[in-house]
Amino acid sequence: MTRFRPSRGGAAAAAVALLGFAIASCSTGVEGPDDVVDRMLAAYGCPGNLPLLTSYTGKGFMKQLPVGHVAVSHPFDVYQKGSLYKMKTWQIREGMPVDMQVLAVGDTARTRWTYSAGYAPVPSWEVELLEYRFPLVLRWLPASGLEGRLIEERGEDGAWRIRFEHDEDLLTLVVDGESWLLRGMILESAADSSFRFEETYGDYRKVDGIWFPNRFAARFRGRQYYEYLIPTIELGAELPDGIFAVLPEDTVLPPPAQSAR
């Protein structure tokens, strides 16, 4: 981890700034970045609820990009078991399925397959950022042993922003100052100034008494990357490792009746 070190000439100014953070934090009852993280984890009921949050299935709708003036959404299924991940999306046109995509991240194989074009590689960065996204970031934070740094506390939007430096990865978490739920994450690279991935989480509701976001939206290098809704969620799902691959039943059109909404 690369530590934040002020220059010799700016040490006094940095000390004053840090003192200001400390005073402001005390006045709001927050004792620093670790306290914000602890409150966030507690809001999700972690560590007790962590096994439920990090093993789930969902059914929802992926918004087509670009959408222009017409909102078009396509049904999808999502499965996650720790670092294993799979999403199946069907493209619907005039009520009929015309294409589908499967993204599968298994223990060793990472595959993207589409009905129209076949197999394609999955960018390594997409796989690597899974640990920084919700819900795995709730597992990554306490396991990393890293100390965060407040870069903005209770900003105009009422959120706290905490920066973590992990090798060349610069991770910023945006935590709501009232609910203490995660509003979003920003991943940047110290080695590539053009790399910036942002994901926001919204429309929270309780699933079996546990807060879970229903809306995920992302931007990559400043452009909208995806947006999807998950109205149907099952936490603590028992998923065999074997499903995290492109299986023969995944490649059939039309989609199963329960997925074609």
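Residues numbered from 1 in each chain as written. Predicted model: local features only at pLDDT ≥ 70, side-chain atom pairs only at ≥ 80, totals over all residues. Heavy atoms only, no water.

**Side note on the nonpolar core**
Stage number 1. By size, the foremost hydrophobic cluster in this structure holds 56 residues, and its most contacted members are Tyr-44, Phe-134, Leu-138 and Leu-182.
Stage number 2. Excluding residues within four positions of it along the chain, Tyr-44 makes contact with Asn-49, Leu-53, Phe-134, Leu-138, Leu-181, Leu-182, Tyr-204, Ile-210 and Trp-211. (Core = buried A, V, L, I, M, F, W, Y, C linked by side-chain atoms within 4.5 Å. Buried < 20%, exposed > 50% of the residue type's maximum accessible area, 1.4 Å probe, protein only. Contact = heavy atoms within 4.5 Å.)

**Some words on helix H2 (residues 33-43)**
Structural remark: α-helix, 3.6 residues per turn; residues separated by three or four positions point the same way.
Stage number 1. Listing the buried residues of H2 in full gives Pro-33, Asp-35, Val-36, Val-37, Met-40 and Leu-41.
Stage number 2. Along its buried surface, H2 packs onto helix H5 (137-144), strand E7 (149-152), strand E8 (159-166), strand E9 (169-176) and strand E10 (182-189).
Stage number 3. Just downstream of H2, Gly-45 is the residue with a positive phi angle, here 75 degrees. (Helix = DSSP H or I, 4+ residues; strand = E, 2+ residues; numbered from the N terminus.)

**What about the pairing of strand E2 (residues 73-81)?**
Stage number 1. Of all nine residues in E2, seven are buried; the element is thus mostly enclosed.
Stage number 2. One ladder, built from six bridges, connects E2 with strand E3 (residues 84-93); its direction is antiparallel. Pairing of Gln-80 across the sheet is with Tyr-85, part of E3. (Pairing = 2+ DSSP bridges.)

**Brief notes about the pattern of salt bridges**
Stage number 1. A complete count under the given rule lists 19 salt bridges for this structure.
Stage number 2. A salt bridge links Arg-39 to Asp-35, with the shortest nitrogen-to-oxygen separation between them at 3.4 Å. Placement of the pair is Arg-39 and Asp-35 together in helix H2, with a separation of four residues, close to one helical turn.
Stage number 3. Of the residues examined, Arg-39 reaches a relative accessible area of 28% and is grouped as partly exposed.
Stage number 4. Arg-215 is the salt-bridge partner of Glu-227, the closest N and O atoms lying 2.4 Å from each other. (Salt bridge = Lys/Arg side-chain N within 4 Å of Asp/Glu carboxyl O.)

**A few points about the side chain of Ser-55**
Stage number 1. Residue position: Ser-55 is located in strand E1 (residues 55-63).
Stage number 2. Here the side chain of Ser-55 touches Ala-237 through a polar contact of 2.7 Å, landing on its backbone oxygen.
Stage number 3. Residues in contact with Ser-55, not counting those within four places in the same chain, are Gln-80, Lys-81, Glu-234, Leu-235, Gly-236, Ala-237 and Leu-239. (Polar contact = N/O pair within 3.5 Å; in protein donor to acceptor, adjacent residues only side chain to side chain.)

**Some thoughts on the environment of Asp-157**
Stage number 1. Considering the arrangement of structural elements, one finds Asp-157 in the loop between E7 and E8.
Stage number 2. Along the backbone, Asp-157 and Gly-177 are 20 residues apart, and their C-alpha atoms lie at a distance of 8.9 Å.
Stage number 3. A polar side-chain atom of Asp-157 sits 2.7 Å from a polar atom in the side chain of Arg-161.

**What about the packing of aromatic side chains?**
Within a pair of aromatic rings, the relevant descriptors are the distance that separates the centres and the angle that separates the planes.
Stage number 1. Taken as a whole and judged by the stated rule, the model has 22 aromatic pairs.
Stage number 2. Judged by centre distance (5.1 Å) and plane angle (85 degrees), the ring pair of Tyr-132 and Trp-140 falls under edge-to-face. Across the pair, Trp-140 and Tyr-132 agree in class, each one buried.
Stage number 3. An angle of 50 degrees between the planes, with centres 5.7 Å apart, marks the rings of Tyr-225 and Tyr-226 as tilted.
Stage number 4. By relative accessible area, Tyr-225 is classed as partly exposed at 32%. (Phe/Tyr/Trp six-rings, centres within 6.5 Å; stacked < 30°, edge-to-face > 60°.)

**Quick notes on unusual backbone geometry**
Stage number 1. Of note, the bond from Cys-46 into Pro-47 is cis; its omega dihedral lies within 30 degrees of zero at 15 degrees.
Stage number 2. Looking at where Pro-47 falls in the secondary structure, it is placed in the loop between H2 and helix H3 (50-53).
Stage number 3. Cis geometry is found at the peptide bond from Phe-134 to Pro-135, where omega equals 10 degrees.
Stage number 4. The residue Pro-135 is located in the loop between helix H4 (124-128) and H5 in this model.
Stage number 5. Here Asp-208, not a glycine, exhibits a phi torsion of approximately 55 degrees, which is positive.
Stage number 6. Topologically, Asp-208 is positioned in the loop between strand E11 (196-207) and strand E12 (210-220).
Stage number 7. Residue Asp-208 is classed as exposed on the basis of its relative accessible area of 69%.

**Here we look at the packing of H2 against H5**
Stage number 1. Across the interface, H2 lies against H5 with an axial gap of 11 Å and an inter-helix angle of 140 degrees. When the interaxial angle is binned, H2 and H5 end up oblique. For H2 against H5, the interelement crossing comes out left-handed. Together, Val-37, Met-40 and Leu-41 of H2 and Leu-138, Leu-141 and Pro-142 of H5 make up the contact between the two elements.
Stage number 2. The class makeup of the residues in the contact of H2 with H5 is six nonpolar, no polar and no charged. (Axes fitted to C-alpha atoms, helices over the stretch in contact; angles between N-to-C directions. Parallel < 35°, antiparallel > 145°, perpendicular 65-115°, else oblique. Left-handed = near helix turned anticlockwise from the far one by under 90°. Nonpolar A, V, L, I, M, F, W, Y, C, P; charged D, E, K, R; others polar.)

**Observations regarding the confidence of the model for the chain**
Stage number 1. Here the chain averages 86 in pLDDT, while 83% of its residues score no lower than 70.
Stage number 2. Predicted confidence is poor over residues 1-27, with pLDDT under 50, and the contacts of this stretch with residues over four places away or in other chains come to 19 contacts. (pLDDT = per-residue confidence, 0-100.)

**Brief notes about the environment of Ala-191**
Stage number 1. By the element assignment, Ala-191 lies in the loop between E10 and E11.
Stage number 2. Sequence-wise, Ala-191 and Leu-170 are 21 residues apart; in three dimensions their C-alpha atoms are separated by 10.0 Å.

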